[in-house]
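Observations on chain architecture
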Amino acid sequence: MFRNSFLRRVAVLGWLLAVVSGLSGCAVPPSAESALYQRLGARAGVARLSDRLIERTANDPRTRRSFEGVKLVPLQQSLADYLCKVTGGGCVYEGETMANSHTELGIQAHEFDLMVAFLREELDAQGVAAADKNELLRRLATDRRDIVQAGAARKTP
């Protein structure tokens, strides 16, 4: 069929490329969860987000009371692990449940809402697309009930 070895090699190469191209369509795509983690910048992006969010919330006069006496670096690391887990990054979150870790803090709804506003602003500052920002917020939405209800059990001064 092919008299020229060069043409034979080209035909074989073309066939191999076609097979590889076809197989790449069969590859398992990343899950929506892990894809979100990657779009947030993977470990570095999630850590930066966690650091900025905790730093900002701990220093804002409207929310800082909840952070009095708290070591921020371990909290930032724990939040980064939690965000990594929630976004499908494969991290292991070893912290307490949201309800257990917030019971003694007396988090009020307006404080939680401020932290969400800070999170939105930090996501915008990192250039996160609106769809990804909304997906992260959707995944974190169920935490509000655990954090605010747990916090409501304790009266604030």
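Our structure's up above, just so we're on the same page.
Keep in mind the model is a prediction, meaning the values are calculated, not measured.

**Details of helix H6 (residues 109–125)**
End to end, H6 covers 24 Å across 17 residues, agreeing with the expected 24 Å (1.5 Å per residue, within 8%). Residues Glu111, Phe112, Leu114, Phe118, Leu119, Glu122 and Leu123 constitute the buried set of H6. A positive phi of about 75° marks glycine 127, the residue just after H6.

**Let's talk about helix H4 (residues 72–86)**
Spanning 15 residues, H4 covers 21 Å between terminal C-alpha atoms, matching the ideal 21 Å at 1.5 Å per step. Of all the positions in H4, only Gln76, Leu79, Ala80, Tyr82, Leu83, Cys84 and Val86 are classed as buried. Immediately beyond the C-terminal end of H4, within one or two residues, lies glycine 88, with a positive phi of roughly 85°.

**Examining the nonpolar core**
Taken as a class, soluble globular proteins show a tendency for nonpolar side chains to be buried jointly. Core analysis: the biggest nonpolar cluster contains 30 residues, and Leu40, Leu83, Leu119, Leu123, Leu136 and Leu140 have the highest contact counts within it. At the level of elements, helix H2 (32–39), helix H3 (42–59), H4, H6, helix H7 (130–140) and helix H8 (142–152) are the ones that each hand at least two residues to this core. Residues in contact with leucine 136, not counting those within four places in the same chain, are Leu36, Leu40, Leu49, Leu83, Thr87 and Leu123.

**Quick word on the packing of H3 against H6**
Put simply, H3 and H6 touch, their axes get as near as 10 Å, and they point 135° apart. Compared by their axis directions, H3 and H6 come out oblique. The way H3 lies across H6 gives a crossing that is right-handed. Contacts between H3 and H6 involve Leu49, Arg52, Leu53, Ile54, Arg56 and Thr57 on the former and, on the latter, Met115, Phe118, Leu119, Glu121, Glu122 and Leu123. When its residues are assigned to classes, the contact of H3 with H6 shows 7 nonpolar, 1 polar and 4 charged.

**With respect to the side chain of lysine 133**
Mapped onto the elements of the fold, lysine 133 is located in helix H7. A relative accessible area of 13% means that lysine 133 is categorised as buried.

Basis of the calculations
Residues numbered from 1 in each chain as written. Predicted model: local features only at pLDDT ≥ 70, side-chain atom pairs only at ≥ 80, totals over all residues. Heavy atoms only, no water. Helix = DSSP H or I, 4+ residues; strand = E, 2+ residues; numbered from the N terminus. Expected span 1.5 Å × (residues − 1). Buried < 20%, exposed > 50% of the residue type's maximum accessible area, 1.4 Å probe, protein only. Core = buried A, V, L, I, M, F, W, Y, C linked by side-chain atoms within 4.5 Å. Contact = heavy atoms within 4.5 Å. Axes fitted to C-alpha atoms, helices over the stretch in contact; angles between N-to-C directions. Parallel < 35°, antiparallel > 145°, perpendicular 65-115°, else oblique. Left-handed = near helix turned anticlockwise from the far one by under 90°. Nonpolar A, V, L, I, M, F, W, Y, C, P; charged D, E, K, R; others polar.

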